[in-house]
Amino acid sequence: MKAKGLPFEPYRIKMVEPIRKTTKRERQEILKQAGYNVFAIPAEKVTIDLLTDSGTGAMSDAQWAAIMRGDESYAGARSFYRLEGAVRRIFGFRHVIPTHQGRAAERIVFEALVKKGDYVPNNIHFDTTMANILVRGAHPVNLVVDQAYDPRAEMAFKGNMAPEKLEAFLQRYRNRVPLVMLTVTNNSGGGQPVSLANIRAISSICRRFQVPFFFDACRFAENAFFIKEREPGYQKKSILQIVREMFSLADGALVSAKKDGLANIGGFITLHDDDLATRLKHILIIGEGFPTYGGLAGRDLEAIAQGLEEVLDESYLRHRIEQVRYLGSLLEGAGIPIFRPIGGHAVYLLADEFLPHLPREQYPAWALTVALYEAAGVRAVEVGGVMFARQRGRGKKEIFPRLEMVRLAIPRRVYTASHLEYVAEAVINLYKKRDRIRGLKIIEAQEPLRHFTARFELL
Ligand SMILES: *Cc1c(COP(=O)(O)O)cnc(C)c1O
């Protein structure tokens, strides 16, 4: 009998990788050496790795076959034209500029468009977009709907940008806004989708103010799935039709192929504007590579081209979203505080509610990632004070972000339902002993993106 809600894997397994378990004693030693930062733990010492869904997915047999067809010519490789064709067919923009991953696309676009003192609005900036704007001396601005910060607010499209906030912002700062971005799904806000109605509203404001409008489109297919499921009028449309409609409303997109590209590395910029594309390609040549490979091997371009087609498959997407919901519902059933509604690629634990005895200065979400690894070898990521706090003033006082969460990101096509049950059990057991979890202090950190390399001490 199939248990209620148990997601049926729409694939069978052709190649396997062993998972090795560690003892609690070993994990305590590993944590100490890692400076209590799960980014510093060797992956072999991780039982279930939910650090990220970025580049961690399993490729299909068709992708591996495509890799064998990779054309490694320096210029004009056949594999580039295959990728270009797939991206044009799906996204509908004229130019396709490959990059080695999403943040390279950000760096190149911002180098071309963003000057010191500029503002770049988004629903919520992802950490790398935020960092790439900050290093240019510009300001990332988050204009998501207010409900996005309320972890209990039920809303079908909680990733939406607030049109009235954007309108007011552009009225004041139009001359210092080189582009408006919209992240689908909204990774830093719980993996929540953006509706087509909202995309249309943002697009029309951008047109009126004549500001370029770009998607941060890493999870475009997951976003389209939510539109099909939740937005009136889209139930009968195919995922491809919805994706095309989304992108028809923008001037371009920055994409990390490590998410919905179903590839292990890669990214691209796609856009209409001929002049901007020429400028971007010049910057690309300096830092990434020739415009027909952009920091990737020909075989990577093939894997992405094939992955972009596969990700549009509805049975794949349904299973993907159901897997995340399955983990979320196991946790909710046991009374674990999680961000609602459950998003597209991850379940987010509300660490400040999970660990009410720890003040924000002791980084409760970080403490929870450490405790979860120690208890069960499960690696998750903090999305809270360490990742997003900003230092202000002389004393470098930390201004904490509104949400203090731990993200359990599910890699694509990698884990089965029983793996997710193992994770749920680990979190539930930890919740029973939560008052024993200790806070931490930072002893070493390098800005920006300090979470990748910071070292900590237990308090
Ligand atoms: C992953 C991600 C990026 C950056 O992409 P990388 O390939 O990791 O460099 C940018 N924006 C969002 C929303 C992402 O999830």
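In this report, the structure presented in the accompanying data block is examined.

What follows covers the overall build of the chain. What the chain contains, in helices and strands, is 16 helices and 16 strands. For 459 residues, the compact-globule formula gives about 23 Å, and the C-alpha radius of gyration of the chain, at 21 Å, lands near that figure. Its C-alpha atoms give the chain principal-axis dimensions of roughly 60 × 55 × 45 Å. Here the chain, with 459 residues, has 59% of them falling under the buried criterion. Within the chain, residue pairs in contact and separated by at least 24 positions form 72% of the contacts whose partners lie at least 6 positions apart.

Glancing now at the site of the ligand. For the ligand, the set of nearby residues contains 15 residues, the closest of which are Arg-103, Asp-216, Arg-219, Ser-256 and Lys-259. Gly-102 is positioned such that a nitrogen or oxygen atom in its backbone is 2.9 Å from an oxygen atom of the ligand. At 2.6 Å from an oxygen atom of the ligand is found a side-chain nitrogen or oxygen belonging to Ser-256. Isolated, the ligand exposes 380 Å² of accessible area, and the fraction of that covered by the protein chains is 98%.

Once that is clear, we can look at the layout of surface pockets. Roughly 1,400 Å³ of volume is contained in the largest pocket. As for the largest pocket, its lining consists of 37 residues, of which Met-15, Glu-17, Ala-58, Arg-413 and Val-414 are closest to the centre. Grouping the constituent residues of the lining of the largest pocket by class yields 17 nonpolar, nine polar and 11 charged.

The subject of this paragraph is the packing of aromatic side chains. Under the definition given, this model contains 18 aromatic pairs. Ring geometry for Tyr-119 against Phe-169: centres 5.5 Å apart, planes inclined by 75°, an arrangement best described as edge-to-face. Note that Tyr-119 is positioned in strand β3 (residues 119–122) and Phe-169 in helix α6 (residues 163–173), a separation of 50 residues in sequence. Tyr-119 gets classed as buried once you look at its relative accessible area, which sits at 15%. Judged by centre distance (5.3 Å) and plane angle (40°), the ring pair of Phe-213 and Phe-215 falls under tilted. Among the aromatic residues, ring-to-ring pairing joins Phe-91, Phe-93, Phe-213, Phe-215, Phe-220, Phe-247 and Phe-268 into one connected group. If you follow Arg-402 out to its NZ or CZ, it ends over the ring of Tyr-149, 3.9 Å from the centre. Sitting over the face of the ring of Tyr-431, Arg-434 holds its NZ or CZ atom 3.8 Å from the ring centroid.

Before going further, it helps to examine the packing of helix α1 (residues 24–33) against helix α14 (residues 364–376). Relative to each other, α1 and α14 sit at 145°, their axes nearing to 7 Å. Contacts between α1 and α14 involve Lys-24, Arg-27, Gln-28, Ile-30 and Leu-31 on the former and, on the latter, Val-370, Tyr-373, Glu-374, Ala-375 and Ala-376. Residues of the contact of α1 with α14, tallied by class, amount to six nonpolar, one polar and three charged.

Here we come to the pattern of salt bridges. Overall, the coordinates contain 31 salt bridges when judged by the stated rule. Measuring nitrogen to oxygen at the nearest pair gives 3.3 Å for the salt bridge that ties Asp-260 to Arg-412. In this pair, Asp-260 is assigned in the loop between β7 (252–256) and β8 (267–271) and Arg-412 in the loop between β14 (405–409) and α16 (417–432), connecting sequence segments 152 residues apart. Neither residue differs from the other here; Asp-260 and Arg-412 are each classed as buried. Its salt-bridge partner being Arg-413, residue Glu-310 comes within 2.9 Å of it at the nearest N-O pair. Here the residue Glu-310 occupies a position in helix α11 (residues 298–310), and Arg-413 occupies one in the loop between β14 and α16, the gap between them amounting to 103 residues. Bridged by salt links that share partners, the residues Asp-53, Arg-219, Glu-222, Asp-260, Arg-320 and Arg-412 form one connected network.

We now examine empty space enclosed by the protein. Scanning all chains against the criterion turns up one cavity of 30 Å³ or more. The calculated volume of the largest cavity comes to roughly 30 Å³. Residues belonging to the lining of the largest cavity are distributed by class as follows: two nonpolar, two polar and three charged.

The subject of this paragraph is helix α8 (residues 220–230). Where burial is concerned, most of α8 is hidden: nine out of the 11 residues are buried. If you check which residues of α8 are buried, you get Phe-220, Ala-221, Glu-222, Asn-223, Ala-224, Phe-225, Phe-226, Ile-227 and Lys-228. On its buried side, α8 packs onto α3 (78–91), α7 (196–209), α9 (239–248), α11 and α12 (314–333).

For the rest of this paragraph, the subject is the pairing of β7. Across the five residues of β7, five count as buried, placing the element largely inside the fold. Alternating residues of β7 divide into Gly-252, Leu-254 and Ser-256 and Ala-253 and Val-255, and every residue in both groups is buried. As paired strands, strand β6 (residues 213–216) and β7 are joined by three bridges and run parallel to one another. Bridge pairing in β7 links Asp-216 to Leu-254. Here β7 pairs with β8 via five bridges, running antiparallel. Bridged to Ala-253 within β8 is Thr-270.

Basis of the calculations
Within every chain, residues take consecutive numbers counted from 1 along the sequence as written. Note on the predicted model: pLDDT of at least 70 is required for a residue's local features to be given, and 80 or more for side-chain atom pairs to be given and counted; whole-chain, interface and lining totals, by contrast, use all residues. Think of the side-chain values as coming from all heavy atoms in the structure, minus any hydrogens and water. Under the scheme used here, helices are H or I runs from DSSP no shorter than 4 residues and strands are E runs no shorter than 2 residues, and both carry numbers assigned from the N terminus. Using C-alpha atoms as the atom set, the radius of gyration is obtained and then compared with a globule rule of 2.2 Å times the number of residues to the power 0.38. Per-residue accessibility, obtained with a 1.4 Å probe over protein chains only, is compared with the maximum for each type, and a residue is labelled buried under 20%, exposed over 50%, and partly exposed between these values. For this analysis, residues touch if any pair of their heavy atoms sits within 4.5 Å. Definition of nearness: a residue and a molecule or strand are near each other if at least one heavy atom of the residue lies within 4 Å of the molecule or strand. Here a polar contact means two N or O atoms within 3.5 Å. Within protein one must be a hydrogen donor candidate and the other an acceptor candidate, and residues neighboring in sequence count only if both atoms are side-chain atoms. Working definition of accessibility: Shrake-Rupley area with a 1.4 Å probe, residue cover restricted to the visible protein chains. Only protein atoms enter the calculation, which uses a 1 Å grid: trapped sets of points that fit a 1.4 Å probe without letting it out are cavities, open sets showing protein on both sides within 12 Å along at least five of seven lines are pockets, and any residue with an atom within 4 Å of a point is a lining residue. Grid points are joined across faces, edges and corners, and a volume is the space filled by probe spheres set on the points. The nonpolar class holds Ala, Val, Leu, Ile, Met, Phe, Trp, Tyr, Cys and Pro. Asp, Glu, Lys and Arg form the charged class, and all remaining residues, Gly among them, are polar. Ring geometry is summarised as follows: Phe, Tyr and Trp rings, the Trp one being its six-membered ring, pair when their centres sit within 6.5 Å, and such pairs are stacked at plane angles under 30 degrees, edge-to-face over 60 and tilted between the two. We call a charge positioned above a ring when the Lys NZ or Arg CZ atom is no farther than 6 Å from the ring centre and deviates by at most 35 degrees from the ring normal. Note on geometry: axes are C-alpha line fits, over the in-contact stretch for helices, and angles between N-to-C directions span 0 to 180 degrees. What makes a salt bridge here is a side-chain nitrogen of Lys or Arg within 4 Å of a carboxyl oxygen of Asp or Glu, nothing more. Two strands pair under a simple rule: DSSP has to find at least two bridges between them.

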